[in-house]
Amino acid sequence: TLRFPGAQGRPVWSKDGKKLMFKVGGEQARFVMLSLPSGESHEYPIYENFSSSFGEWSWSEERGFVLVSGIFIPTGANGIHRHDLASGKTETLVTLRDTPDRDWNSHPQVAPDGTSFYYSRRKFVSQTPYSTDRIVRRDLRSGNEEVVYQPEGHLSIIPYPFELSPDGSRLAVNVSNSGGR
């Protein structure tokens, strides 16, 4: 719209349904939080931190941060980052591992209590025609991780691979047969 110039994408509702957070891409990339009752908006610039083409993101309204999957421009770190909306500070949490069987991390989702998040990790295995996919839960305080789901055999998790239930107790996962086996 004219009110928020740039490519708008992936709106996310607040838990009470009174606010909407969305990404606006372009040269002045930013997150915008819109209060539906008042019509007021607050913009959180991110163009100095992330390219306008960054990937998925997840919002923790209660804790005041977004998780962003993409390249953090100041360090060049490709991974999942926590961006504090009030201060504008960014912390890299998980990086792409530059190894022969590199891990690719995507689709961060903040748990409802805001103390952990879930993400997809794909390890591309060079010796086989398929990848090893898993969904990982990472504690934001300790950094400890646990694999909470891994498909069996040659199944792989497909793009936008899972959705966390509103109470955080269940995952709905999309899988496909990779390699036609």
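Scroll up to find the structure.
Everything numeric here is computed off the predicted structure, so don't read it as measured data.

Peer 1: Teacher, can you tell me more about the overall build of the protein chain here?
Peer 2: The secondary structure content of the protein chain amounts to zero helices and 14 strands. Along the protein chain, from the amino end to the carboxyl end, the secondary structure elements read β-β-β-β-β-β-β-β-β-β-β-β-β-β. Split into buried and exposed, the 181 residues of the protein chain put 42% on the buried side. Sequence-distant contacts in the protein chain: of pairs separated by 6 or more residues, those separated by 24 or more amount to 34%. Carbon and sulfur atoms provide 50% of the accessible area of the protein chain, an area that totals close to 9900 Å².

Peer 1: Is there a simple way to think about the nonpolar core in this case?
Peer 2: Membership of the largest hydrophobic core comes to 15 residues, with the highest contact counts inside it found for M21, F31, F54, W57, W59, V66 and V68. When residues of this core are traced back to their parent elements, those giving at least two are β3 (30-35), β5 (57-60) and β6 (65-72). Looking at this core element by element, the count peaks at three residues for β6. Not counting residues up to four positions away in its chain, the partners in contact with W57 are G9, R10, V12, M21, F22, K23, F31, V66, L67, V68 and P108. With ten residues, the next largest nonpolar core counts L67, L93, V110 and V136 among its residues.

Peer 1: Is there a simple way to think about the sheet that holds strand β7 (residues 77-84) in this case?
Peer 2: Either a parallel or an antiparallel arrangement is found when strands of a sheet pair, and the pairing is made through backbone hydrogen bonds. Reading across the sheet, the four strands line up as β5-β6-β7-β8 and stay open at both edges, with antiparallel pairing between neighbours. Edge strands, defined here as strands with exactly one partner in the open sheet, are β5 and β8 (90-95). Averaged over all pairs of adjacent strands, the angle between strand axes in this sheet comes to 30°, irrespective of strand direction. As defined by bridge partners, β6 adjoins β7 across eight bridges and the pair is classed as antiparallel. Across the sheet, the residue bridging to S69 is I80, located in β7.

Peer 1: How should I be thinking about the sheet that holds strand β2 (residues 19-24) in this particular structure?
Peer 2: Across the sheet, which stays open at both edges, the four strands sit in the order β1-β2-β3-β4 with antiparallel pairing between neighbours. Only two strands of the sheet have a single partner each, and these edge strands are β1 (8-13) and β4 (41-45). Sheet twist, expressed as the average angle between the axes of neighbouring strands with direction ignored, equals 20°. One ladder, built from six bridges, connects β2 with β3; its direction is antiparallel. Residue F22 lies in a different strand from β3, and its bridge partner there is V32.

Peer 1: Any chance you could explain the pattern of salt bridges here in plain terms?
Peer 2: Pairs may arise between side chains of opposite charge once their charged atoms sit close together. In the structure shown here, the tally under the stated rule is eight salt bridges. A salt bridge links D139 to R137; its shortest N-O distance comes to 3.9 Å. According to the relative accessible area criterion, D139 is buried, its value standing at 15%. The salt bridge partner of R138 is E145, with a shortest N-O separation of 2.8 Å. Note on R138: relative accessible area 17%, which makes it buried. Here E145 falls in the partly exposed class, since its relative accessible area comes to 32%.

Cut-offs and rules
Within any chain, residue numbers begin from 1 and follow the written order of that chain's sequence. Per-residue local features are limited, in this predicted model, to residues with pLDDT of at least 70; the limit for side-chain atom pairs, both in listing and counting, is 80 or more; totals at the level of whole chains, interfaces and linings are taken over all residues. By convention in this description, side-chain values take in all heavy atoms of the structure and omit both hydrogens and water. Put simply, DSSP marks the helices as runs of H or I at least four residues long and the strands as runs of E at least two long, and each gets a number from the N terminus on. Accessibility here uses a 1.4 Å probe with only protein chains present; expressed as a share of the type maximum, an area under 20% marks a residue as buried, one over 50% as exposed, and anything in between as partly exposed. Residues are treated as being in contact if the distance between any of their heavy atoms lies within 4.5 Å. The Shrake-Rupley method, run with a 1.4 Å probe, gives the accessible areas here. Residue values count only the displayed protein chains as cover. To define a nonpolar core, start from buried Ala, Val, Leu, Ile, Met, Phe, Trp, Tyr and Cys residues and group those joined through side-chain atoms within 4.5 Å. At least two DSSP bridges between two strands are required for those strands to pair. To get an axis, fit a line to the C-alpha atoms, keeping to the stretch in contact for a helix; angles then go from 0 to 180 degrees between the N-to-C directions. Think of a salt bridge as a Lys or Arg side-chain nitrogen and an Asp or Glu carboxyl oxygen that are within 4 Å of each other.

Honestly, that's just the spatial picture; any functional story needs more than this.
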